[in-house]
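Analysis of the macromolecular model
Chain by chain, the residues:
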Amino acid sequence: MITIDFCGNKRNLLQFSCEGKELEIIRDSFSVPNPAYISKKKFIPSRLYAITPTGIFDSGLLEEVESVLTVHGFPYKITDNVKNYFKKNILDGDLDELALPYRNYQKNAIRKAIEAGRGVIVLGTGGGKTLLAAGLIHNLRKALQKPDAKVMVTVPTLQLVEQTAKDFEEYGLTDISKWSGKNKLESNAKIIVAGTQYLVGKNTDLSILSDIDILIVDETHCLKRNTVLSGIFKFVTTSHTFGLTGTMPSEKIDQWNIIGKIGKVIFEKKIQE
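Remember, it's a predicted structure, so these values are computed and weren't measured experimentally. (Residues numbered from 1 in each chain as written. Predicted model: local features only at pLDDT ≥ 70, side-chain atom pairs only at ≥ 80, totals over all residues. Heavy atoms only, no water.)

1. Re the sheet that holds strand S1 (residues 2–7)
- With mixed pairing, the four strands of this open sheet are ordered in space as S5-S2-S1-S6. In this open sheet, the two edge strands, each paired with only one partner strand, are strand S5 (56–58) and strand S6 (76–78). For this sheet, the mean inter-axis angle between neighbouring strands, taken without regard to orientation, is 30°.
- Inspection of the sheet shows strand S2 (residues 10–17) paired to S5 by three bridges, in the antiparallel sense. Paired with glutamine 15 across the bridge in S5 is isoleucine 56. (Pairing = 2+ DSSP bridges. Helix = DSSP H or I, 4+ residues; strand = E, 2+ residues; numbered from the N terminus. Axes fitted to C-alpha atoms, helices over the stretch in contact; angles between N-to-C directions.)

Given below as structure tokens:
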């Protein structure tokens, strides 16, 4: 029987407890050829893996891992600790509106995000990601019955830090702080809009991430394998992680990294639509 549990005290990582042969089969299902591989060269593996040799993997991959286990007929068990931590939410009644009304697809995306508890929303340019993020924050807090839930929204540039914070205020959100090169962290703020470039700085103290209840990563397609941004997730303890992007990367290993850190794609509406 394969058991899946947290990897020690880390809530962003899961680990298999199983025989070597089963683990090898599962790992192969989450691997791709390494384009940098050169025959007879040491230290360059022939394949890239999303699961370590000891069976450790990012928690967002759990559903895909379960699918592989089912296909191969491997009996498995997920511990109650994991089930309870990643349990889905229930949203009763209609969504609360903000100062600007949602479009129908924004409502659908917010609902799916709340019910799933985590995941990636793919929305084409001009789709209104900032309003969607604001609506998700407000209504997820309501579903969690935690109106003061601490939120961090990461955006890639200083200009977007300023614009996103301004938009959130115009939509009706309050207690917003900006965290970037020219804005110091206000740790008591309930909503922090953070610049990605500042977060990945060598001297940035990321301990605040362990206090975050809801994390939203804008431009999630930048969260590719081995990027510096991936490193911040070792500080993240919340299960409520969400990504916003216009498109997912084409490489499977990069997709697994995003899904592992954030969650699976839960809603998609392309720019053509």
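Now that the structure has been shown, the text picks up again.
2. Notes on the packing of helix H4 (residues 104–116) against helix H5 (residues 129–144)
- Closest axis-to-axis distance for the H4/H5 pair is 9 Å, and the angle between their directions is 40°. Taken together, H4 and H5 sit at an angle that is classed as oblique. For the element pair H4 and H5, the recorded crossing hand is right-handed. Of the residues in H5, those in contact with Gln106, Ala109, Ile110, Ala113 and Ile114 of H4 are Leu131, Leu132, Gly135, Leu136, Asn139, Leu140 and Ala143. (Parallel < 35°, antiparallel > 145°, perpendicular 65-115°, else oblique. Left-handed = near helix turned anticlockwise from the far one by under 90°. Contact = heavy atoms within 4.5 Å.)

3. Considerations on the side chain of asparagine 183
- Mapped onto the secondary structure, asparagine 183 falls in the loop between strand S9 (176–179) and strand S10 (191–195).
- Using a relative accessible area of 16% as the deciding quantity, one classes asparagine 183 as buried.
- In this structure the side chain of asparagine 183 is engaged in a polar contact, spanning 2.9 Å, whose partner is the side chain of serine 180.
- The contact partners of asparagine 183, leaving out residues within four places of it in the chain, are Leu158, Glu162 and Lys178. (Buried < 20%, exposed > 50% of the residue type's maximum accessible area, 1.4 Å probe, protein only. Polar contact = N/O pair within 3.5 Å; in protein donor to acceptor, adjacent residues only side chain to side chain.)

4. Considerations on the sheet that holds S10
- Read from one edge to the other, the open sheet built from seven strands follows the order S9-S10-S8-S11-S12-S7-S13, with strand pairing classed as parallel. Every interior strand has two partners, whereas the edge strands, S9 and strand S13 (265–269), have only one. Across this sheet, the average inter-strand angle for adjacent strands is 15°, counted without regard to direction.
- In this structure, strand S7 (residues 119–123) lies alongside strand S12 (residues 241–245), joined through four bridges in parallel fashion. Considered in S12, the bridge of valine 120 is made with glycine 243.
- Contacts from H4 reach S7, S12 and S13, with the element oriented near 175° to S13.

5. Thoughts on helix H6 (residues 158–171)
- Compared with the 20 Å implied by 1.5 Å per residue over 14 residues, the 20 Å span of H6 between its first and last C-alpha is a close match.
- Of the residues making up H6, those classed as buried are Val161, Thr164, Ala165, Asp167, Phe168 and Tyr171. Buried residues of H6, seen end-on, are gathered within an arc of 165° and therefore sit on one face of the element.
- Turning to H6, the residues buried within the fold contact H5, strand S8 (151–155), S9 and S10. (Expected span 1.5 Å × (residues − 1). Arc of directions from axis to C-beta.)

6. Digging into the pattern of salt bridges
- Following the criterion strictly, the structure yields nine salt bridges and no others.
- In this structure, glutamate 63 engages lysine 88 in a salt bridge whose closest nitrogen and oxygen atoms are separated by 3.8 Å. Of the two residues, glutamate 63 sits in helix H2 (residues 62–71) while lysine 88 sits in the loop between helix H3 (80–85) and H4, which places them 25 residues apart along the sequence.
- A salt bridge links lysine 142 to aspartate 96; its shortest N-O distance comes to 3.0 Å. (Salt bridge = Lys/Arg side-chain N within 4 Å of Asp/Glu carboxyl O.)

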